[in-house]
Amino acid sequence: MTASSTSPAVGRALDVLLFLAARPGPVPGATLVRELGIPRSSAYHLLTVLTERGFVVHYPDQQRYGLGVAAFEVGSAYLRHGSLEHLGRPLARRLAARTGEITHLGILHGPDTLYLVKERPARQPVPVTLVTDVGVRLPASLTANGRSILAHVSAAQLRALFPHSSSLVTRTAHGPRTLAALRALLAAERDRGYAQEDEMITAGMQSVAACAFDHTGTPIAAFSVTRRIDRASGPAEAIAEPVREAARRLTVAMSGTAPAGWF
């Protein structure tokens, strides 16, 4: 017997999540009912429960439904237990050796950046102490690592991750304070090809990041390099090139698909 035959509600809930995951953005409830062949009352009951648990987000002004933060958290948990660290660690180590700076591999965990890998260069003339470490979470709107991923998510996903758009979290005097400011910053960084964070997390520190993509073209993780601004050996653009190369190699290793011409 299949899981759906022994527990129809569970099977239908999973069908709803898979249906939403396969769509480029939020969809009307009527479309979901029609495409999945679920009775209208059952479908909306499932949507209500999934919304309450955070797996689905309802946009009342559009009468549409999309994936919620809990769905991102489940996906992130899969990545943490999967091969991402194994694929990314040697690339992060190579990136640290090439740049002479601390490197990270991070993913989105809800509205935060979660660091999976941290590598230090064998030699670093001036030791650098960072708040980032494996397992540490920081606001994705502030980190270059997080924003390099956020630059490629849909507008609906961005709203779901940051529902309180009038006031975003800040740590220093720098960083976007509203969703509108974050959108503008993400657009500029997407056009540039990498994200750059100057003193948004720690005074005197700069990070540059670029993201990798999975087989569906979804931004899945990002490499970042962090250095002291007063000891920078060159412009951020010089650091961006090897960071983007690491992201490209991870994308290839995961049989990923980046936006046309991205790399």
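Residues numbered from 1 in each chain as written. Predicted model: local features only at pLDDT ≥ 70, side-chain atom pairs only at ≥ 80, totals over all residues. Heavy atoms only, no water.

Trainee: Sorry if this is basic, but what is going on with the environment of R53 here?
Mentor: Assignment of secondary structure puts R53 in the loop between helix 4 (40-52) and strand 2 (56-59). R53 sits 17 residues away from A70 along the chain, and the two C-alpha atoms are 7.4 Å apart. (Helix = DSSP H or I, 4+ residues; strand = E, 2+ residues; numbered from the N terminus.)

Trainee: How should the pairing of strand 2 be read in this particular structure?
Mentor: Each regular strand shows side chains that alternate between the opposite faces of the sheet. Judged from the four bridges that link them, strand 2 and strand 3 (residues 64-67) form a sheet pairing that is antiparallel. Of the residues in strand 3, the one forming a bridge with V56 is L67. Where strand 2 hands over to strand 3, the hairpin turn is made up of four residues, of which Q63 adopts a positive phi near 55 degrees. (Pairing = 2+ DSSP bridges.)

Trainee: Can you walk me through the environment of A195 in this structure?
Mentor: Tracing the backbone shows A195 in strand 7 (residues 195-198). In this structure the C-alpha to C-alpha distance between A195 and A209, which are 14 residues apart in sequence, comes to 5.2 Å. Residues in contact with A195, not counting those within four places in the same chain, are A144, R147, S148, E189, S207, V208 and A209. (Contact = heavy atoms within 4.5 Å.)

Trainee: Which parts of the structure should I look at to understand the sheet that holds strand 3?
Mentor: Note: strands within a sheet are paired through backbone hydrogen bonds, in either parallel or antiparallel orientation. One open sheet accounts for three strands, arranged 1-3-2; its pairing is antiparallel. Edge positions in the sheet fall to strand 1 (27-28) and strand 2, since each of these pairs with one other strand and no more. Across the face of the sheet, helix 2 (residues 8-21) comes into contact with strand 1, strand 2 and strand 3 while running at roughly 90 degrees to strand 3. (Axes fitted to C-alpha atoms, helices over the stretch in contact; angles between N-to-C directions.)

Trainee: What exactly am I supposed to notice about the confidence of the model for the protein here?
Mentor: Low pLDDT means the predicted coordinates in that region are not meant to be read closely. For the protein, per-residue confidence averages 87 on the pLDDT scale, and residues scoring 70 or more make up 91% of the total. Model confidence for the protein, summarised as mean pLDDT per element, is weakest for helix 1 (residues 3-6) at 47 and strongest for helix 7 (residues 144-150) at 97. Counting interchain partners and residues more than four positions distant, the pLDDT-below-50 stretch residues 1-5 has two contacts. (pLDDT = per-residue confidence, 0-100.)

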